[in-house]
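Examination of the molecular architecture
The chain contents come next:
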Amino acid sequence: MGDTEVAHIRPPETITITVLRARNLRGSNAKADVVNATIKVEFGEKSLGESPKVDCMADTPAEFNYNATMSCTYDDPTALDEIAHKPIVLTVIEVLPKEKKQKEEKTITLGQCTVDLLPLVKGETKYRYSLAISPVPGSPMESIPADAPRPEVDVLLSVNEPLVGSGQTHHGNLVTITMESLYSPPEAWGLSGVQYAYAAALPLPINAEKENPIVFANGTLKPGVDKEPPNKQKKWAVPATALGNAVYIPDSYLSTDAIDDEDGDYRGKEDREHRTSAEHEKNRVTWNTERRSYLEASAVKSLQDKIAKCRYWPVEVMRLPQPAGGKGKKDDDGSVSFHGVAFINLAPLLYPGVKRIRGAYKIYSYTDQALYEKTKRRAGFGEEAAKIANNILNRSTASPGPKKGAGKDKDDKKDKDNKKGDHEPHGKDHHDHKKTSQTVKSDAGSEPDSSAPMNLEGQQYVEAKSYMMFEISLSHPLIPKRPPEELARRVAEYIPPRPLFPKRTDGAQRAVEDFHTQVASVAGLVLDEFRDMFGAELKTDESDLSQEAMETRRQKLIYELNASGKYFAFKEQLKHSVVKIVREKYLKTTNFEDRQELQTFLSELYVYLIDQMHESLTKTLALEDQALVPAPLTDSAQLKHFAREAEVNGNFELATKYYQERIARNRNDPSHWFDYGTFCLYINDITKAEECFRECVSIDQKHLQGLLLYGVVCTLLEKHEMAEMFFEAATNVQPRSILAWTMLGLYYDTVQNEIGAEMAYIEANKLNQQAAVATARALREEELAKQRAERSESDTHTDNKKHRAGLRVKLWAIHE
């Protein structure tokens, strides 16, 4: 690390664990009302302190108010990782009163609870818990009745500044790995005889260059009849000194998914029977363990690059002897047998928006060659993981850790161990080229040996069709999914939506045109009124057309208009258009301050309106003499049919005219532009096709086919960023469109994005299967309804027949 990086290292942050109070404690003397207790605070192998002794009464909470502190250092990349996956262990200890001649006080461990520091890793500065205290084996608290109040302790976590800043939250990631169970294990694993520990391990980057093994050490072989509870609580991967139920993570339970929603290997219908048998009848190895790991920005980048380079991630499983404090043989510590490996396809974590995968993954026999072929790794972590697992198991069984010479003794016993199982050293100091019938050994620095013998013990996993349930989740996706709002905004940036109403840039002209329209309308109404009053009279040959007669008719018309109120209606009809002229043309929107100014303006306005009235009337009377334009004989559907017919006949020029005629009749219909665009794409006029699809999307920003074909045009023009955006926008417009997801997959195939294509095809296939199931269900329901109707009709016919037979019997009886 350079000097520049050292200068930016954040100083250590102090974490304060405050034990506030405890309730309902029960001591060794059940009759005693007071329990003198202290609480010990530990983190991993470190003791953070012990509270003063406090008298705890059954009906009154005991106020401890004890503060223990620990530091989070930022010079070590694993500091936040430890805080994420290790708990604070609180041990409640009863202090017995001294007897005579007794030098030291006797103590009894009552119970424990674990405090999860995860909220601090997520950016919280204060977090409060009320935790149930679990009795340790042999504790007096085990005899508390089930209906009695449970012992609890209140704890407050606090820091001055968030452990993870906003920048770290954005660039870092919190990985949560859950190892659930191994199902259908080899038949050689028995519940009787010498018992073993079972471990699993996988690598995880801690920075750009280095990986550390994540080890799950506490696997237990259980019979199939030993059913798991419905809500299976997860355990701590490194429980440290926690015992009994304290090894469980508070409020953390295994998730359940439908098999169709899983990501593993055994998802097909042909696998259902095997999975049902394995999960309900056969033995299993259970971990139910959660391991969190905080990845800084460089580790996240390393993980992402490795998944993109080789999508498979190895999870090694192995059998180990019980630790020295257990039932196994002490001289077997460190030996690895039944070495298997599952290859987890982490490619879905590179799908946009995906942050969790879970499924049943097949276990294969471990060999360096198989590992290299699948993951491009030259060696696994079996040896190192075995050591870490033994350390964890030894701590959990309160037995001493392995001695310094354990590794040397283990190497001296290789031949002995290999007779029992496969033992595969992977470090540089463990090269052994002696080949046995059950082991595979290869130089970690050379290419895997293609002629290496099989791992016979590991092969038993394959024969038994063993699989493990495994889950990995992230705090936020490696590849964020663009929200629909952003995609809609990006589409609008490339193709602005056409406004619903055109912008009014010529308000004065439009106001005058509106006045002309209203004058023409009123003139038409006046003419209609005149025809009604004098039409019959003027049609006769004897009609008087003199000036006096015409003036008389005019006066009668004006009288009729005034008497009927139509005159005032016509004035109101013209009023709005006159107001618009005043505002738009003369720009008068305020009151007149001077009456003379008002009179001058009215005179000017009157003259202008009279002129415009005459102009409008002239146009109206001229139009009266013109022939009416006949309505078109063809509609849009017929024009489209003619265009397709010309297209099929190869007359592209005529087809173009028909498509353009449709657009000319209605330029605001997106389907007209879309049809013309598909035709232009067919005749390889890419430029015109782009223009048409652009118009289509501008009219309707959610036009699915328009978005898809505009993406196709962008792909042809090698505008890949725009193409991806439009294809993705189509999947957001209609998330259940099989066509949209298939087109997106085809685009990813074109640009050689295998992971993106896989994601799109999986989604399309899922939707296709759902559609097929829905169709089959509808057909089945229709058939059942038809059968019920036929059955009902048959029953009705039978009842009618019986009724007629009964009537005949009655009539015959009456006749007799």
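Residues numbered from 1 in each chain as written. Predicted model: local features only at pLDDT ≥ 70, side-chain atom pairs only at ≥ 80, totals over all residues. Heavy atoms only, no water.

Looking up the protein in an unreviewed UniProt entry gives the name Cilia- and flagella-associated protein 70, with the organism given as Dreissena polymorpha.

When its secondary structure is counted, the protein shows 24 helices and 20 strands. When the 816 residues of the protein are sorted by exposure, 42% land in the buried category. For the protein, long-range pairs separated by at least 24 residues make up 69% of all intrachain contacts whose partners lie at least 6 apart in sequence. Entry remark: accessible area of the protein is about 45,300 Å², with carbon and sulfur atoms responsible for 52%. (Helix = DSSP H or I, 4+ residues; strand = E, 2+ residues; numbered from the N terminus. Buried < 20%, exposed > 50% of the residue type's maximum accessible area, 1.4 Å probe, protein only. Contact = heavy atoms within 4.5 Å. Areas by Shrake-Rupley, 256 points an atom, 1.4 Å probe, with all protein chains shown as cover.)

Opposite charge on two side chains permits pairing when their charged atoms draw close. Inspection of every chain in the model, using the stated rule, returns 37 salt bridges. Here D81 ties to R291 by a salt bridge, and the two come within 3.4 Å at their closest N and O atoms. In this pair, D81 is assigned in helix α2 (residues 79-85) and R291 in strand β16 (residues 284-295), connecting sequence segments 210 residues apart. With respect to class, D81 is no different from R291; both count as buried. A salt bridge links E493 to R489, with the nearest nitrogen and oxygen atoms 2.7 Å apart. Of the two residues, E493 and R489 are both situated in helix α12 (residues 484-494); the distance of four residues between them amounts to about one turn of the helix. Shared partners join several salt bridges into a network, and the residues in it are E180, D257, E262, R275, E279, R356, R358 and E471. (Salt bridge = Lys/Arg side-chain N within 4 Å of Asp/Glu carboxyl O.)

Here we take up helix α21 (residues 704-716). Between its first and last C-alpha atoms α21 spans 19 Å; for 13 residues at 1.5 Å apiece the expected length is 18 Å, and the two agree. The element α21 is largely enclosed, with a buried count of ten among its 13 residues. When we look at burial in α21, the residues that qualify are L704, G706, L707, L708, L709, Y710, G711, V713, C714 and T715. Contacts from the buried residues of α21 go to α12, α19 (670-682), α20 (686-699), α22 (720-733) and α23 (738-750). Directly beyond the C-terminal end of α21, a positive phi value near 60° is found at E718. (Expected span 1.5 Å × (residues − 1).)

Another aspect to go through is a nonpolar patch on the surface. Taken together, F652, Y682 and I683 make up a surface patch of nonpolar side chains, about 280 Å² in accessible area. Take F652: it is sitting in helix α18 (residues 652-665). (Patch = residues over 30% accessible without salt bridge, like charges linked within 9 Å, V, L, I, M, F, W, Y side chains within 5 Å.)

Moving on, we get to the side chain of S184. In this fold, S184 is placed in the loop between β11 (173-183) and β12 (196-205). Given a relative accessible area of 1%, S184 falls into the buried group. Of the polar contacts made by the side chain of S184, one reaches the backbone oxygen of A464; its length is 2.5 Å. When near neighbours in sequence (up to four residues on either side) are disregarded, S184 contacts H274, A278, K282, N283, A464, K465 and S466. (Polar contact = N/O pair within 3.5 Å; in protein donor to acceptor, adjacent residues only side chain to side chain.)

A word on the nonpolar core. Counting 84 residues, the largest nonpolar core has M468 and F470 as the members making the most contacts within it. Setting aside its immediate chain neighbours within four residues, M468 contacts M179, S181, L182, V315, V317, A342, G359, A360, Y361 and I363. Counting 47 residues, the second-largest nonpolar core is a separate cluster that includes V19, A22, A37 and V159. (Core = buried A, V, L, I, M, F, W, Y, C linked by side-chain atoms within 4.5 Å.)

Next up on the list: the sheet that holds strand β1 (residues 13-23). The strand order across the open sheet formed by four strands is β5-β1-β10-β8, and the pairing between neighbours is antiparallel. In this open sheet, the two strands that pair with only one neighbour each are β5 (62-72) and β8 (126-132). Sheet twist, expressed as the average angle between the axes of neighbouring strands with direction ignored, equals 20°. (Pairing = 2+ DSSP bridges. Axes fitted to C-alpha atoms, helices over the stretch in contact; angles between N-to-C directions.)

Here we take up the packing of α20 against α21. To describe two helices that pack against each other, one gives the angle between their axes and the distance between the axes. Their axes nearest at 9 Å, the elements α20 and α21 cross at an angle of 145°. α21 is crossed by α20, and the crossing has left-handed handedness. Counted together, I686, A689, E690, F693, R694, C696 and V697 of α20 and G706, L707, L709, Y710, V713 and L716 of α21 form the full contact between these two elements. Of the residues that constitute the contact of α20 with α21, the class distribution is ten nonpolar, one polar and two charged. (Left-handed = near helix turned anticlockwise from the far one by under 90°. Nonpolar A, V, L, I, M, F, W, Y, C, P; charged D, E, K, R; others polar.)

What follows covers the packing of aromatic side chains. By the definition in use, this model includes 21 aromatic pairs. Centroid distance W189 to Y461: 5.8 Å. Interplanar angle 90°. Geometry classified as edge-to-face. In this pair, W189 is assigned in the loop between β11 and β12 and Y461 in helix α11 (residues 456-464), connecting sequence segments 272 residues apart. According to the relative accessible area criterion, W189 is buried, its value standing at 4%. Among the residues examined, Y461 registers a relative accessible area of 0% and is labelled buried. Here the basic side chain of K374 rests over the ring of Y312, its NZ or CZ set 4.2 Å away from the ring centre. Note that R377 overlies the ring of W313, its terminal NZ or CZ placed 4.6 Å from the centroid. (Phe/Tyr/Trp six-rings, centres within 6.5 Å; stacked < 30°, edge-to-face > 60°. Lys NZ or Arg CZ within 6 Å of the ring centre and 35° of its normal.)

Here we take up α20. One turn of an α-helix holds 3.6 residues; hence residues three or four places apart share an orientation. With 14 residues, α20 should cover 20 Å at 1.5 Å per step; its first-to-last C-alpha distance of 20 Å lies within 8% of that length. Its buried side turned inward, α20 meets α12, α19 and α21.

Time to look at the packing of helix α14 (residues 547-564) against helix α15 (residues 566-584). Relative orientation of the contacting elements α14 and α15 amounts to 80°, with a least axis distance of 5 Å. Viewed along their axes, α14 and α15 adopt a mutual orientation that is roughly perpendicular. Residues L561, N562 and S564 of α14 pack against K566, Y567, F568 and F570 of α15. In terms of residue class, the contact of α14 with α15 is made up of four nonpolar, two polar and one charged. (Parallel < 35°, antiparallel > 145°, perpendicular 65-115°, else oblique.)

Moving on, we get to the environment of T220. Residue placement: T220 occurs in strand β13 (residues 211-222). You can call T220 partly exposed: its relative accessible area is 36%. Once you skip the residues sitting within four places of it in the chain, T220 turns out to touch R284, V285 and T286.

This part takes up the side chain of R275. Its location among the elements puts R275 in helix α5 (residues 272-280). On the basis of relative accessible area, R275 is assigned to the buried category, the value being 4%. Apart from the residues lying within four places of it in its own chain, the contact partners of R275 are I259, E262, Y266, A360, Y467 and M469.

Here we come to the environment of P140. Relative to the helices and strands, P140 resides in the loop between β9 (134-135) and β10 (152-159). Put simply, P140 and G111 are 29 residues apart on the chain and 9.0 Å apart in space, counted from C-alpha to C-alpha. In contact with P140, not counting residues within four places along its chain, are G27, S28, I108 and L110.

All right, on to the confidence of the model for the protein then. Interpreting fine coordinate detail is not advised for predicted regions of low pLDDT. For the protein, the average pLDDT comes to 83, and 86% of its residues sit at 70 or higher. Here residues 1-7 is modelled with pLDDT under 50, and outside its nearest four sequence neighbours on either side it reaches two contacts, counting other chains as well. Ignoring residues within four places in sequence, the model shows residues 398-450, a span with pLDDT below 50, making 99 contacts including any to other chains. (pLDDT = per-residue confidence, 0-100.)

Across the eleven residues that make up β1, a large majority, ten, are buried. As judged from the nine bridges shared by β1 and β5, these two strands associate in the antiparallel manner. If you follow T14 over to β5, its bridge partner there is S71. Here β1 pairs with β10 via eight bridges, running antiparallel. Each bridged residue has a counterpart across the sheet, and for R23 the counterpart in β10 is E152.

Turning to unusual backbone geometry, a few remarks are in order. Phi at N288 is positive, roughly 50°, even though this residue is not glycine. When you line up the elements, N288 lands in strand β16.

What follows concerns a negative patch on the surface. Residues E782, E783, E790 and E793 make up a contiguous surface patch of negative charge. Position of E793 relative to the elements: it lies in helix α24 (residues 754-815). Overall, E793 belongs to the exposed group, its relative accessible area being 58%. (Lys, Arg positive; Asp, Glu negative; His and termini not counted. Charge placed at Lys NZ, Arg CZ, Asp CG, Glu CD.)

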